[in-house]
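A closer look at the structure
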Amino acid sequence: MKESLRNIPKVNSVLEREEIKGLLTSYPRWVVVEAVRRVIEEKRKELIEGKRELVSENTVVKEVLDKIEKFSLPSLKRVINATGVVLHTNLGRAPLPKEALDAINEIGANYSNLEFDLDEGKRGLRYVHVEYILKKLTQAPSALVVNNNAAAVFLVLNTLAQGKEVIVSRGELIEIGGTFRLPDVMKSAGAILKEVGTTNRTRISDYENAITENTALILKAHTSNYKIVGFSESVSLKELVNLGKKYGIPVYNDLGSGLFVDIRKLGLPYEPTVTEVLKSGVDVISFSGDKLLGGAQAGIILGKEELIDKLRKNPINRVLRIDKLTLSALEATLRLYMEEPESKIPVLAMLKTQEDQLKTKAQRLLEKLKDFSEIEAGIKMDVSAVGGGALPTAELPTYCVFLSHKSIELKELEKRLRVKPKVPVICRIKDDKLLLDMRTIRDNELEIVVQSIKEAIS
Ligand SMILES: *Cc1c(COP(=O)(O)O)cnc(C)c1O
């Protein structure tokens, strides 16, 4: 092996080859050099792992030619979401409305009044650009936006409860995925977690008995990605608000998703809208901008003027602050809620799409796949999911196109669709079928899907 390792082709000598030099007419030099480096590195690994015995210069040249196109593309790229999970956190959650993209373009490409009060001609606050519309949409007394909802939770806990106790039901000690676990966030925000009740049952008396001199906050967290069913009992927000009033302790509701429309209109189970939640008299709430709201990643905090003011003044707020592109996209998305959100906000439109429309889309895709002689395809009903830790048990009936290939195994086909095409297609295997869910594939993406399938099997 030592001998083979020593004989691995050198970057410079590969770069001298005519075929490689030829690439310089189509690709920048750094891309070609990087491609050669990466292929040689891959081959070295394969040698060490015993997957091959030697590496010839011809092998390296051939792979560079094969892979140069892929190496020339950015790492972060568009994909086709064929999973049917509308808010797929790993695939970037909400695709933005056109109006939001236009706003990003306008504000990103130019100077703006981000922190400049045009009437007064002096320094202003970036938050005012969304505060007016958030108040208008929700009737909230005051509003603040930060980088994401995790940041919002952190800011609320750190500002209102540092060094003090926060009462939370054991049934709501959520983990959202990755590193967001409520007890850990609480600790890093400097608040002391006071758990009450049990996993399945918590009563108002549990909260009341836990109140001490040192209690700063009562927290209700939305159990976004799970449901406790069966022998269970939890305390309503209204009851907590009454308890908070009795003892002068603010109540905070982390809503997770946050809704501005009645989602029963979209065929989903009832969830209170933000306005309905605020009517309970809760002191502070927070939710994500890129879950069911369908906008850019952001954490939206609404509530009583004096509490929001404290949050705004916390030096940590600067660390968590929202950037101008997000702000522009968020304002544009929020303004759509004044008009026709269900048709203009892609997330809501995808959730709302009716079965017959999905079936028609599946038939159109099937028709386009007729010319592929090695592909067998058909249509199958299945269920899509909302995703993004929202409505975990809601099932949306959908239509899928299923695919198989005469000589490529299902798992391999799934991998190739991910790895080979310029626009990767992410899909799922269920009951021995590779499914492309029509709910999350947009009408104008069908041609791209066909092209990607072509690239995957070539
Ligand atoms: C998703 C979620 C969060 C985190 O929100 P991000 O916007 O992803 O930071 C916090 N709390 C709850 C209840 C959630 O569902």
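First things first, this report covers the structure right here in the doc.

Cut-offs used in this document
Throughout, a residue's number is its position along its own chain's written sequence, starting from 1. Local features are withheld for residues below a pLDDT of 70 in this predicted model, meaning they are given only at 70 or higher, and side-chain atom pairs are given and counted only at 80 or more; totals for whole chains, interfaces and linings count all residues. Based on all heavy atoms of the structure, the side-chain values leave hydrogens and waters out of the count. Going along the chain from the N terminus, every DSSP run of H or I of four or more residues is numbered as a helix, and every run of E of two or more is numbered as a strand. Partly exposed residues are those whose accessible area sits between 20% and 50% of the maximum for their type, while under 20% is buried and over 50% is exposed, using a 1.4 Å probe and protein chains only. A contact between two residues is defined here by any heavy atoms of the two lying within 4.5 Å. Nonpolar core, defined: a set of buried Ala, Val, Leu, Ile, Met, Phe, Trp, Tyr and Cys residues in which side-chain atoms within 4.5 Å join the residues together. Reported domain spans reflect what an automatic or database domain assignment gives. Any two strands are treated as partners once DSSP identifies two or more bridges connecting them.

Structural notes on the overall build of the protein chain
For the protein chain, the helix and strand inventory stands at 20 helices and 18 strands. Considered along the principal axes of its C-alpha atoms, the protein chain spans approximately 80 × 50 × 50 Å. The proportion of buried residues among the 458 residues of the protein chain is 49%. Here the contacts in the protein chain between residues at least 6 apart in sequence split such that 74% fall between residues at least 24 apart.

Here we look at unusual backbone geometry
Backbone geometry places Arg 93, a non-glycine residue, at a positive phi of 50°. Mapped onto the fold, Arg 93 is located in the loop between β2 (85–87) and α6 (98–109). Although it is not a glycine, Gln 139 adopts a positive phi angle of roughly 70°. Along the polypeptide, Gln 139 turns up in the loop between α7 (128–138) and β5 (142–146).

Concerning the nonpolar core
Grouped together as the largest cluster of nonpolar side chains are 90 residues, with contacts concentrated most on Ile 301, Leu 302 and Val 386. Broken down by element, the residue count for this core peaks at nine residues, all from helix α8 (residues 149–161). Composition of this core by domain shows at least three residues from each of domain 2 (80–91 + 348–457) and domain 3 (98–341). If sequence neighbours within four positions are ignored, Val 386 has contacts with Val 85, Val 86, Leu 87, Leu 268, Leu 292, Leu 351, Leu 391, Ala 394 and Leu 396.

Some points on the pairing of strand β18 (residues 433–437)
In terms of residue burial, β18 counts as a mostly covered element, since four of its five residues are buried. In this structure, strand β15 (residues 396–405) lies alongside β18, joined through four bridges in antiparallel fashion. Directly across from Leu 403, in β18, lies its bridge partner Leu 434. The pairing of strand β17 (residues 428–430) with β18 spans three bridges and is classified as antiparallel. Its bridge partner lying in β18, Ile 429 is registered against Leu 434. Following β17, the chain reverses through two residues before pairing antiparallel with β18; Asp 431 in that reversal takes a positive phi of roughly 45°.

The values are spatial; any link to function lies outside them.
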